[in-house]
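Residue strings, one per chain:
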Amino acid sequence: MMLKRVGIIGLGEYLPERVLTNADLEKMVETSDEWITTRTGIKERRLRDKGEAASDLAIRAASSALEDAHLEPRDIDLVIVATITADMPFPSVSSILQGALQIPRAACFDISAACAGFVYAITTAQQFIAGGDYKNALVVGAETLSAVTDWQDRDTCVLFGDGAGAAVVSEVRSGGILSACLGADGSKGSLLMIPAGGSRQPASHQTVDQRGHFIKMQGNKLFKLAVTLMTGAAQDALKKAGLECKDIDLVIPHQANMRIIMAMAKKLNLPQEKIYLNIEKYGNMSSASTATALCEAVKESRVKKGDIVLLDAFGAGLVWGACVIEW
Ligand code: UT7
């Protein structure tokens, strides 16, 4: 039982300007626009400028979310950034963001929950605020996946993009987050990983030669798990909120693959018009996918006051999370 109603009072996003199309990829690896479009739903993705880090994207998305919430940096007392492509091992992206936006004294930490990171971060912020010790949380999903993508590997390089989305999470008078279900299956972590660069395999000439600092993925195995686990997470979150699939007005799914999303929608018996997609424009941006999709859905008036919105995500870990929000 939550002590307070907690919801999202402002949203923002930032997508780098540089566009990489499927036609561009055809010149880089043995692939085709036709294969990428039919197998994934992706047409193009955004790429950061060289030297641009996750915090640079986060700062712009967060500033716009603050403006949308009509809050000043001094109003924020908690900063959470979901990312798997931090600027550096430490300090955290949230600390860098707090410093850049001159948010005085706010608690800062990053969350590593890959593509489910934004759902994990929103849920974490909700708990902090419902507990009563914090008032306004700045929650960001920010990724520069192009920095860890192997541009020689056609299995993965066609999938990912860069971007950031942000939300301000606060106490609300009505609606808000009705339920959240987070979960993980750590036994399957090897299906999606960056093997080197941490304490297991610190950076060395050998790890660079072996291309160990790039994303390694067993896509086919993940595909089936993604459908099952995202469907299960949605059902669990709905049940916890006392709702059914028919009550959902809009689903904001993680944008890993159009076919995963449609298979999940079919299992949940949800029509296509109730699913929000931005995968065609941006590809898979890990934690930034659900964050930007929610922001764009609201901007486009696909979400109205009183609507029931389901955030549903799945990613490396393996982790998953779903969250039901009354807008
Ligand atoms: O973000 C959360 C975690 N990630 C995911 O959930 C991703 C889940 N997986 C996927 O989205 C899909 O599995 C992929 C898009 C990665 C791959 O699609 P698929 O339908 O599962 O293809 P596949 O891996 O079974 O490969 C089919 C064929 C293979 O050729 P053969 O062995 O049949 O001759 C691949 O070599 O497609 C080939 N292929 C490509 N062909 C052209 C793989 N990548 C490409 C490519 N262009 N880029």
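This is a predicted model, so every value here is computed, not measured.

1. Points about the domain arrangement of the chain
Next, step 1: Taken as a whole, the chain is organised into domain 1 (6-174) and domain 2 (178-326).
Next, step 2: In this complex, domain 1 contributes 47 residues to the contact, which on the side of domain 2 involves 44 residues.
Next, step 3: The three residues of domain 1 that bury the most area against domain 2 are Cys-115, Val-119 and Tyr-120, which together make up 17% of that side's buried surface.
Next, step 4: Inspection of the domain 1/domain 2 interface yields two salt bridges.
Next, step 5: Between Lys-299 and Glu-13 there is a salt bridge whose closest N-O contact spans 3.4 Å.
Next, step 6: Taken together, domain 1 and domain 2 are joined by 19 residue pairs in polar contact (both at pLDDT 80 or more).
Next, step 7: Looking at the side of domain 1 that touches domain 2, the elements with two or more residues in it are strand 1 (6-14), helix 2 (33-40), strand 3 (44-47), helix 5 (117-130), strand 6 (136-144) and strand 7 (162-171).

2. Some thoughts on the site of the ligand
Next, step 1: By nearness alone, 23 residues border the ligand, and Thr-31, Arg-39, Asn-257, Arg-259 and Asn-284 come closest of all.
Next, step 2: Trp-35 places a side-chain nitrogen or oxygen 3.3 Å from an oxygen atom of the ligand.
Next, step 3: Contact with the protein chains removes 74% of the 960 Å² of surface that the ligand exposes when unbound.
Next, step 4: Elements that contribute at least two residues to the shell around the ligand include exactly helix 2, helix 6 (154-157), helix 8 (219-241) and helix 9 (258-267).
Next, step 5: Counting residues per element, the shell around the ligand draws most heavily on helix 8, at four residues.
Next, step 6: For the shell around the ligand, the two domains that each supply at least three residues are domain 1 (6-174) and domain 2 (178-326).

3. Structural notes on the layout of surface pockets
Next, step 1: Within this model, the second largest pocket holds a volume of roughly 300 Å³.
Next, step 2: Surrounding the second largest pocket, 15 residues form its lining, Gly-7, Ile-8, Ile-9, Val-172 and Trp-327 being those nearest its centre.
Next, step 3: Elements represented by at least two residues in the lining of the second largest pocket include exactly strand 1 and strand 13 (319-326).
Next, step 4: In terms of residues, the lining of the second largest pocket owes the most to one element, strand 1, which gives five residues.
Next, step 5: Of the residues that constitute the lining of the second largest pocket, the class distribution is seven nonpolar, four polar and four charged.

4. Things to note about the pattern of salt bridges
Next, step 1: Counted under the stated rule, the structure contains 10 salt bridges.
Next, step 2: Its salt-bridge partner being Arg-211, residue Asp-150 comes within 2.9 Å of it at the nearest N-O pair. Here Asp-150 is found in the loop between strand 6 and helix 6, whereas its partner Arg-211 is found in the loop between helix 7 (205-209) and strand 10 (216-217), with 61 residues between them in sequence.
Next, step 3: The shortest N-O distance in the salt bridge between Asp-247 and Lys-246 comes to 3.7 Å.
Next, step 4: Overlapping salt bridges, with partners in common, bring together Glu-244, Lys-246 and Asp-247 in one network.

5. With respect to the sheet that holds strand 5 (residues 107-111)
Next, step 1: With mixed pairing, five strands are arranged side by side in an open sheet as 1-7-6-4-5. Both outer strands of the open sheet, strand 1 and strand 5, are each paired with one neighbouring strand and no more. On average, adjacent strands in this sheet sit at an angle of 20 degrees to one another, irrespective of strand direction.
Next, step 2: Sheet topology places strand 6 next to strand 7; nine bridges connect them, and they run antiparallel. Residue pairing in the sheet places Val-140 in a bridge with Ala-166 of strand 7.
Next, step 3: With respect to the sheet, helix 3 (residues 54-68) is in contact with strand 1, strand 6 and strand 7, its orientation differing from that of strand 1 by roughly 130 degrees.
Next, step 4: Across the face of the sheet, helix 11 (residues 287-299) comes into contact with strand 1, strand 4 (78-82), strand 6 and strand 7 while running at roughly 100 degrees to strand 1.

Rules used throughout
- Residues numbered from 1 in each chain as written.
- Predicted model: local features only at pLDDT ≥ 70, side-chain atom pairs only at ≥ 80, totals over all residues.
- Heavy atoms only, no water.
- Domains from an automatic or database assignment.
- Contact = heavy atoms within 4.5 Å.
- Buried area = accessible area lost by both parts, 1.4 Å probe.
- Salt bridge = Lys/Arg side-chain N within 4 Å of Asp/Glu carboxyl O.
- Polar contact = N/O pair within 3.5 Å; in protein donor to acceptor, adjacent residues only side chain to side chain.
- Helix = DSSP H or I, 4+ residues; strand = E, 2+ residues; numbered from the N terminus.
- Near = heavy atom within 4 Å.
- Areas by Shrake-Rupley, 256 points an atom, 1.4 Å probe, with all protein chains shown as cover.
- 1 Å grid on protein atoms, 1.4 Å probe; cavity = no way out; pocket = protein on both sides within 12 Å on 5 of 7 lines; lining within 4 Å.
- Points joined across faces, edges and corners; volume = space filled by probe spheres on them.
- Nonpolar A, V, L, I, M, F, W, Y, C, P; charged D, E, K, R; others polar.
- Pairing = 2+ DSSP bridges.
- Axes fitted to C-alpha atoms, helices over the stretch in contact; angles between N-to-C directions.

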